[in-house]
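Examination of the molecular architecture
Below, each chain spelled out in residue letters.
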Amino acid sequence: MKERLREYCKAQTVCQEKFIKDWNAWNYTVGGKMFAIIGKDKEKRSIISLKGDPEKSETLRIEYEAINPGYYLNKTHWNSICYENQEITFEFIQHLIDESYSLVFPSLPKKKQKEIQSG
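Residues numbered from 1 in each chain as written. Predicted model: local features only at pLDDT ≥ 70, side-chain atom pairs only at ≥ 80, totals over all residues. Heavy atoms only, no water.

1. Comments concerning the pairing of strand β1 (residues 15-20)
In this structure, β1 lies alongside strand β2 (residues 25-30), joined through six bridges in antiparallel fashion. Its bridge partner being in β2, E17 is matched across the sheet by Y28. In textbook terms, the turn of a hairpin is the stretch between consecutive antiparallel strands, and for β1 and β2 this stretch comprises four residues, one of which, N24, has a positive phi near 55°. (Pairing = 2+ DSSP bridges. Helix = DSSP H or I, 4+ residues; strand = E, 2+ residues; numbered from the N terminus.)

And the structure:
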């Protein structure tokens, strides 16, 4: 699933993908702000970390064993999802990637947003 997640993240409008060697993880940004990171947690489980609405993030953590507070990230605003867990589908993670991107994009300066939208 990792390659499918990488491809989906890269397909977001003007996404930049960068491998961060120190973290051994793939980092995804829009306008210089991160919206996703794909790597491993301290137990070496494959995870994708995504920004989320704090209330919804808390609800997801209660509903799904595979969703935890962001690994090495702000635990209020980020979730880490163990995507090898069978309860989590690719389509579900796609939806969460879309939400993460849609939370990060409006936080960019208006000038940057206009540059991105005009292509």
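2. Here we look at unusual backbone geometry
A positive phi angle is found at K44, which is not glycine, with a value near 70°. Here K44 shows up in the loop between β3 (33-40) and β4 (46-51). Here the phi dihedral of Y72 falls at roughly 60°; this positive angle occurs in a residue that is not glycine. You can see Y72 is positioned in the loop between β5 (67-69) and β6 (78-82).

3. Focus on the sheet that holds β3
Either a parallel or an antiparallel arrangement is found when strands of a sheet pair, and the pairing is made through backbone hydrogen bonds. Strands sit in the order β1-β2-β3-β4-β6-β5 across an open sheet of six strands; the sheet is antiparallel. Two strands lie at the open edges of the sheet, namely β1 and β5, each paired on one side alone. Across this sheet, the average inter-strand angle for adjacent strands is 25°, counted without regard to direction. (Axes fitted to C-alpha atoms, helices over the stretch in contact; angles between N-to-C directions.)

4. A few points about the nonpolar core
Core analysis: the biggest nonpolar cluster contains 30 residues, and F35, I48 and I93 have the highest contact counts within it. Of all elements in the fold, only α1 (2-10), β2, β3, β4, β6 and α3 (90-104) reach the threshold of two or more residues within this core. At seven residues, α3 tops the list of elements feeding residues into this core. (Core = buried A, V, L, I, M, F, W, Y, C linked by side-chain atoms within 4.5 Å. Buried < 20%, exposed > 50% of the residue type's maximum accessible area, 1.4 Å probe, protein only.)

5. Quick word on the side chain of S49
For S49, the location among the structural elements is in strand β4. Judged by its relative accessible area of 1%, S49 is buried. In this structure the side chain of S49 is engaged in a polar contact, spanning 2.6 Å, whose partner is the side chain of S80. When residues no more than four places from it in sequence are discounted, the contact partners of S49 are F35, A36, I37, Y71, L73, W78, N79 and S80. (Polar contact = N/O pair within 3.5 Å; in protein donor to acceptor, adjacent residues only side chain to side chain. Contact = heavy atoms within 4.5 Å.)

6. Description of α1
What α1 keeps buried is the set L5, R6 and C9. Buried residues along α1 cover an arc of 100° about the axis, so they all sit on one side. Next to the buried residues of α1 lie β1, β2, β3, β4 and α3. (Arc of directions from axis to C-beta.)

7. Here we look at the pattern of salt bridges
Counted by the stated rule, this structure contains eight salt bridges. Across the salt bridge formed by E17 and R6, the nearest N and O atoms sit 2.9 Å from each other. You can see E17 sitting in strand β1 and its partner R6 sitting in helix α1, a full 11 residues away along the chain. When its relative accessible area of 11% is taken as the criterion, R6 is described as buried. The residue E43 makes a salt bridge to R45 at a minimum N-O spacing of 3.4 Å. Within this structure, E3, R6, E7, K10 and E17 form a network of salt bridges that share partners. (Salt bridge = Lys/Arg side-chain N within 4 Å of Asp/Glu carboxyl O.)

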